[in-house]
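Coordinate inspection notes
What follows is the residue order along each chain.
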Amino acid sequence: MAIPTVSPSFMHAAFEYLSSQGIDESAVLNELKRNNRQQLVLNGRVSLKDYQRLFVVGQALTGDEHFGLNMGASPMPRSWGLVSHLAMSAPTPLIALSALLNYSRLQLDFAQFELDEPEGDNLVLSWLSNVPRRPSRHVIEHMFANILALASSQIGYPSHHIRIEFKHEYAGSTAHVEKVLNADVSFDCSADRIFVPKQFLELKSRYDQDDLFPYTEDLARQRLMALRGEDKLINTIRGVILNQLPFGLPKIGDTAKALDMTSRTLQRRLHERQLKYQILLDDVRRGLARELVVKPELTLSEVADYLGFNDQSAFQHAFQRWEGTTPGKFRKVIRRN
């Protein structure tokens, strides 16, 4: 199993928060036995082990038993990087949540989020760890507080009437935790999750930027695929999809059969990587579309048919979403260059 990691932005946020608390960076590095913070970064990522040590050191240097929680609730640290920009530019809460679900792996790869809509008045956002040893309570409370801080202060969604459940035990009073999170909080529960009223979906983002969101999502998709570039299974699936496209748009069952596994197994393997089949299929079609559109011997109708679109209009719409322009204009620009 690969070493679990987080994006360096989480590490930098911890150093920034400690600095705001009057803790010099050299004191933190001394406790970590490092000469500079860049030594914590390997292949562009920070190991979960080193990230958790930052919380241990942070609690020791500040004397704050709620270090992770308080840091997560601070509006200063920008832990979520590109994902936060996606959420802020999303036109609706549902699209903002989808960004978190689809692209959180850019920031952390040891857990994933799932959204359920059970019967009743609440949406349930669950946080599922995929490592053998559960991360520390500081890390988990930090993640939850950071998401709520992003939602309320940066995006403009109110955080009232929220209920939170944590799996870990808590020996002290929950009053401070509830105050920071502005929510009803329970510990020693069966899962880590946030309950939000369904009316949340009817809200409008304060910073809705329809023109910015597609471009930001495009960048997020590119980074996500680059992050998975060395994953042999993902590359194999991409190859199977490419081979099947000339014969029609491959469904997950078709791809699973070609890989000699069941659809459920393939879904599980993708879920472990925080990836959905549709996202992977879409990315393969997009890459192939860029290659085929510039071939003068192919009509745009032939390209659309090869990529599995029912008609050219559907292809035009998809290409506009992918590239921000029509396939015809894209072809003309490439030819001129």
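The paragraphs below set out a description of the structure included in this document. Since the structure is predicted, the reported quantities are computational estimates derived from the model, not experimental observations. (Residues numbered from 1 in each chain as written. Predicted model: local features only at pLDDT ≥ 70, side-chain atom pairs only at ≥ 80, totals over all residues. Heavy atoms only, no water.)

**Side note on the nonpolar core**
Grouped together as the largest cluster of nonpolar side chains are 66 residues, with contacts concentrated most on Tyr51, Trp80, Phe110, Met143, Ile164 and Leu181. Per element, the largest residue contribution to this core is 8 residues, and it comes from helix 7 (residues 137-155). Excluding residues that lie within four positions of it along the chain, tyrosine 51 makes contacts with Val6, Phe10, Met11, Val46, Met71, Val139, His142 and Met143. Formed by 33 residues, the second largest nonpolar core is a distinct cluster that contains Ile252, Leu281, Ala289 and Val303. (Core = buried A, V, L, I, M, F, W, Y, C linked by side-chain atoms within 4.5 Å. Buried < 20%, exposed > 50% of the residue type's maximum accessible area, 1.4 Å probe, protein only. Helix = DSSP H or I, 4+ residues; strand = E, 2+ residues; numbered from the N terminus. Contact = heavy atoms within 4.5 Å.)

**A few points about unusual backbone geometry**
One non-glycine residue, lysine 33, lies in the positive phi region at around 60 degrees. Looking at the element boundaries, lysine 33 is found in the loop between helix 2 (25-32) and strand 2 (41-42). We note that asparagine 182 has phi near 55 degrees; this positive angle belongs to a residue other than glycine. Among the secondary structure elements, asparagine 182 is positioned in the loop between helix 8 (175-181) and strand 7 (184-186).

**A short note on the environment of glycine 44**
Within the fold, glycine 44 resides in the loop between strand 2 and strand 3 (45-47). For the pair glycine 44 and proline 132, spaced 88 residues apart in sequence, the C-alpha separation works out to 23 Å.

**Side note on the environment of glutamate 297**
By secondary structure assignment, the location of glutamate 297 is in the loop between helix 13 (277-293) and helix 14 (300-306). Exposure remark for glutamate 297: the relative accessible area of 56% places this residue in the exposed category. Taking the C-alpha atoms as reference points, glutamate 297 and glutamine 21, 276 residues apart in sequence, are found 64 Å from one another.

**Regarding the packing of helix 2 against helix 3 (residues 48-62)**
With their axes 10 Å apart at the nearest point, helix 2 and helix 3 run at an angle of 125 degrees to one another. Put simply, helix 2 runs oblique to helix 3. Crossing hand, helix 2 versus helix 3: right-handed. Residues Ala27, Val28, Glu31 and Leu32 of helix 2 pack against Arg53, Leu54, Val57 and Leu61 of helix 3. (Axes fitted to C-alpha atoms, helices over the stretch in contact; angles between N-to-C directions. Parallel < 35°, antiparallel > 145°, perpendicular 65-115°, else oblique. Left-handed = near helix turned anticlockwise from the far one by under 90°.)

**Thoughts on helix 3**
Taking 1.5 Å as the rise per residue, helix 3 with 15 residues should run 21 Å; its terminal C-alpha atoms sit 21 Å apart, in good agreement. Turning to helix 3, its buried residues are Leu48, Asp50, Tyr51, Leu54, Phe55, Val57 and Gly58. Immediately beyond the C-terminal end of helix 3, within one or two residues, lies glycine 63, with a positive phi of roughly 70 degrees. (Expected span 1.5 Å × (residues − 1).)

**Focus: the pattern of salt bridges**
When their charged atoms lie close together, side chains carrying opposite charge are able to pair. On inspection of all chains with the given rule, the structure shows 8 salt bridges. The partner of aspartate 50 in a salt bridge is arginine 34, and the shortest N-O contact between them spans 3.5 Å. A residue pair is termed long-range when its members are at least 10 positions apart, and aspartate 50 in helix 3 and arginine 34 in the loop between helix 2 and strand 2 qualify at 16 residues. Of the charged contacts in the structure, one is a salt bridge between glutamate 141 and arginine 137, with a shortest N-O distance of 3.6 Å. One end of the pair is glutamate 141 and the other is arginine 137, both in helix 7 and 4 residues apart, which spans about a single turn. (Salt bridge = Lys/Arg side-chain N within 4 Å of Asp/Glu carboxyl O.)

**Section: the sheet that holds strand 2**
Pairing is antiparallel across the open sheet formed by 3 strands, whose spatial order is 1-3-2. A strand with exactly one partner marks an edge of an open sheet, and here the two such strands are strand 1 (5-6) and strand 2. Sheet topology note: the strand 2/strand 3 ladder contains 2 bridges and is antiparallel. Note on strand 3: the bridge partner recorded for leucine 42 is arginine 45. Strands strand 1 and strand 3 of the sheet are contacted by helix 3, whose axis makes an angle of about 70 degrees with strand 3. (Pairing = 2+ DSSP bridges.)

**Observations concerning the packing of aromatic side chains**
Under the criterion given, the structure shown has 13 aromatic pairs. Between phenylalanine 315 and phenylalanine 319, the aromatic rings sit 5.8 Å apart at their centres with planes inclined by 65 degrees, giving edge-to-face as the arrangement. Taken together, the residues span about one helical turn, with phenylalanine 315 and phenylalanine 319 both in helix 15 (residues 312-323) at a distance of 4 residues. Residue class for phenylalanine 315 comes out buried when judged on its relative accessible area of 0%. For phenylalanine 319, a relative accessible area of 0% translates into the label buried. Taken together, the ring pairs in this structure connect Phe10, Tyr17, Tyr51, Phe55, Phe67, Trp80 and Phe113 into an aromatic cluster. Seen from the ring of phenylalanine 195, arginine 163 lies directly overhead, with NZ or CZ sitting 3.8 Å from the centre. Stacked on the ring of phenylalanine 309, the Lys or Arg arginine 285 has its end atom at 3.9 Å from the ring centre. (Phe/Tyr/Trp six-rings, centres within 6.5 Å; stacked < 30°, edge-to-face > 60°. Lys NZ or Arg CZ within 6 Å of the ring centre and 35° of its normal.)

**Observations regarding the sheet that holds strand 8 (residues 192-197)**
Here we have 5 strands laid out as an open sheet, ordered 4-5-8-6-7, and mixed in their pairing. The two strands at the open ends of the sheet, each matched to only one other strand, are strand 4 (111-116) and strand 7. Here the average twist between neighbouring strands, direction ignored, is 15 degrees. Bridge count between strand 6 (residues 163-165) and strand 7: 3 bridges; the pairing is parallel. Each bridged residue has a counterpart across the sheet, and for arginine 163 the counterpart in strand 7 is aspartate 184. Contacts between helix 6 (residues 93-103) and the sheet are confined to strand 4 and strand 5 (122-129), with strand 4 contributing the most and set at about 150 degrees to the helix.

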